[in-house]
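# Structural overview
Listed below are the residues making up each chain.
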Amino acid sequence: MNFTFEGFSAAYNILFLIALLVFTLGVAYWTYRNVSGVSKPIRGVLITLRASVFLILILLLLNPVFTILQENRVKPEIAVLLDNSQSTIIEKGIYSGETDYKKAIGDLGLADTSNILFKTWAFSNESREMPVDSLNFSGTETDINTALTTFREQMTDEIAVILISDGIINKGRDPSYAASRFPLPIFTIALGDTSRLDDIVVQNVTSNSTGYKNTSTPVEVSVFTNGFPNTNITVQLMRDGKVIDEQIFQSDQSMLSVQDISFEVELESVGLQQYEINIPEVEGEWTTANNQEVFNIDVLDDKVRIMHLAFDIHPDVKTVRSILRSDDSIDLDYRTWIAGERFVEGDFPQNQDTLDLIILHGFPSGNQPETLIQQVREYTQGKPIVFLSGVNMDYNLFTSLYGDLSPVTVSSDSEKRDVRPLINSGQKNHPVLELPEANLDRAPPLYGPVDNINSVSGSQILMITNFRGTDLETPMLTTRTIGNIRTALLSAHGFYRWFLSPDVQLREYTIELFNNIVKWTASPPDNRLLDIQPTKTMFNETENVLIDAFLRNEAGQEENNAIIEVEISGDGYEDRLYKMSNQGRGQYRLRLGNLPEGMYQFDASAMKGNHIIEERTGEFSVGSTNLEFVNTKRNDALLTYIAEQSGGAYYRYDSVDDLKERLHQDGFFNIQTHITNREVLGYQNPFWFILVVLLLSAEWVIRKVVSLP
């Protein structure tokens, strides 16, 4: 450490400070020059001590500036990202699994910190800093992109990264983009083997996540075979350990093949149902760990039962019915009015008790008989209703019939023109508006009213009308909730042109729009105070099981001072009671950690003091996953690309010594010297003030010794 005097930076006039110095020295001399009973040398010492104090204080007023040069020797830091997934310890070919992995780590010499510091991170489906001794190689997914981006967000003084992995990714984005823009060189160490062994793999299982009781749902299974030509292979569909269906196929003559198998699952019980696809072991397989895959289907009570009453012969009618019929969750019945009280499909329906929703399409109009109008009014009494506009729809008559339920009011006859819908930004989070992207500006125009229609109090305007580029206040899509009944009104028609459009996005938008309208209107309002559910219905054995909750009080406000207790139960699992953690803003979370495979139920109770706010139940499952065993071929191409794009280099697990030599040659192991140049002002150093105190103390002691007052 070197000090260099740089000069003075006085804030006062130099002549003033010189005059002050002469004056203070004169005061010091005058104070002691005529003191009697004290020897001349003692007076000289006292004068010198007093004068020194004044001199130091005046020098500090001159504000002396010093520069401190400090040299620090710093060890370089290298981050080591360790793949903690199951595939890294598979013994295959010449690769000895965990033995070779640990040998590669040992060859790096992570414990030798004499010249370098290693920071170790472990990753599989997530990434975090972890000591090497904590590796358990149990990760069921591999996400290299998250490993790189997470480290980059938290990196400090590291100068390079060593990535140890087999390069087999089965989760997250391709890490190539992150590697090409990585600020540090990445040196990759490739684990595993590139050979393929004789194996049969349940490669993919596709099924609906939800279904309805007393219906069937398809399950598609892809089976990959390697090395079993012309072999009969059995694929089983299982539930609760029992085979409920199976199919046998013969692989083709090639060594590599993929076979698609279809099952139909009969959904007979309500609730979360766990199924398994299993392939019994075939002689010669190198592993059976990838012969199974578990999946869930959440079976709901029943379909949404809808009656569609159409009073127009219009393409929109066919469009709506086509959309609703294609949805397995909807049980659709319909009637089309032709004249008088006659309908194409039969008599007017009588029993509406079993219905969840009634759709009135083009009702009412002036050409319909009064008896029919009253019959329809009575039929819809007490039921959720979706009102769809029609060519001859009379809005004044509509308001008089359904003024108690209608989400709009009509002041007089409304003029109909070519219009376009515009999403109301204030309602963009409404469930009905959870729609795919589509360019509505290029969509064919609709036909609807442009004036004299206004929303009523308590209704929600989801879409407003755009007429010739002008955004009007006229509502196009409006909803309303009265007690336990919901209604919706779509005041424009002509959607059939959207449904028949060659624009795929517009067709999907139309389908989702009508599905969302009818399902939201048919469902009862959610008046739950406690909303609690797992973050997903199925976890695997190495995942943290998370349950989230949102709690409101009886006034509908966020409740932050309650206690939510959750009891977890399951087959072969001892019942346990947990308390959820308060996250603020009415949100609560429970972390259960890893749970063994099985089906679980939870009973939650939200309490404030001795008062129970609400109780809820739910379920989830924990299953095994074979993702790490589906593809076991080392991805040399990806690891090489990551290394080259970031300025690093690629090495195999058995050539770690070559990597260390490369790091030495490139200077990564060299002790780094950091020189800091720091400017210090004199008054900022406490030394001078301590010196002043010591000088004044010495003067005081001498005065007491010679008996001066």
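Residues numbered from 1 in each chain as written. Predicted model: local features only at pLDDT ≥ 70, side-chain atom pairs only at ≥ 80, totals over all residues. Heavy atoms only, no water.

### Considerations on the sheet that holds strand β6 (residues 117–123)
Taken in spatial order, the six strands of this open sheet run β7-β6-β3-β8-β9-β39, and their pairing is mixed. Each end of this open sheet is capped by a strand with a single partner; those strands are β7 (127–129) and β39 (650–652). For this sheet the average axis-to-axis angle between neighbouring strands, irrespective of direction, equals 25°. Strand direction decides the pairing type here: strand β3 (residues 77–83) and strand β8 (residues 158–165), joined by six bridges, are parallel. Across the sheet, residue L82 finds its bridge partner in β8, namely I164. (Pairing = 2+ DSSP bridges. Helix = DSSP H or I, 4+ residues; strand = E, 2+ residues; numbered from the N terminus. Axes fitted to C-alpha atoms, helices over the stretch in contact; angles between N-to-C directions.)

### A look at the side chain of T478
For T478, the position within the fold is in strand β28 (residues 470–482). Among the residues examined, T478 registers a relative accessible area of 1% and is labelled buried. (Buried < 20%, exposed > 50% of the residue type's maximum accessible area, 1.4 Å probe, protein only.)

### A short note on the packing of aromatic side chains
Inspection of the entire model under this criterion finds 21 aromatic pairs. When the ring of F387 is compared with that of F398, the centres are 4.8 Å apart and the planes differ by 75°; the resulting orientation is edge-to-face. With F387 in strand β22 (residues 385–388) and F398 in helix α8 (residues 395–402), this residue pair connects regions lying eleven residues apart in the sequence. The pair formed by F387 and F398 is uniform in burial state, with each residue classed as buried. Relative to Y600, the ring of Y573 has its centre 5.3 Å away and its plane inclined at 80°; by these criteria the two rings are edge-to-face. Here Y573, found in strand β34 (residues 573–579), pairs with Y600, found in strand β37 (residues 598–608); they are 27 residues apart in sequence, far enough to count as distant. Three or more aromatic residues link up through ring pairs in this structure, and these residues are F311, W337, F343, F348, F363 and Y379. (Phe/Tyr/Trp six-rings, centres within 6.5 Å; stacked < 30°, edge-to-face > 60°.)

### Regarding the pairing of β22
Covered by surrounding structure in β22 are I385 and F387 together with V386 and L388, the residues of both alternating faces. Summarising the sheet, strand β21 (residues 357–361) and β22 pair through four bridges and their orientation is parallel. In the sheet register, I358 faces β22, and the bridge partner there is I385. Handedness of the crossover joining β21 and β22 through helix α7 (residues 370–379) is recorded here as right-handed. Sheet topology places β22 next to strand β29 (residues 485–490); four bridges connect them, and they run parallel. Along β29, the bridge assignment pairs L388 with L490. (Right-handed = clockwise from strand over helix to strand, strands pointing away.)

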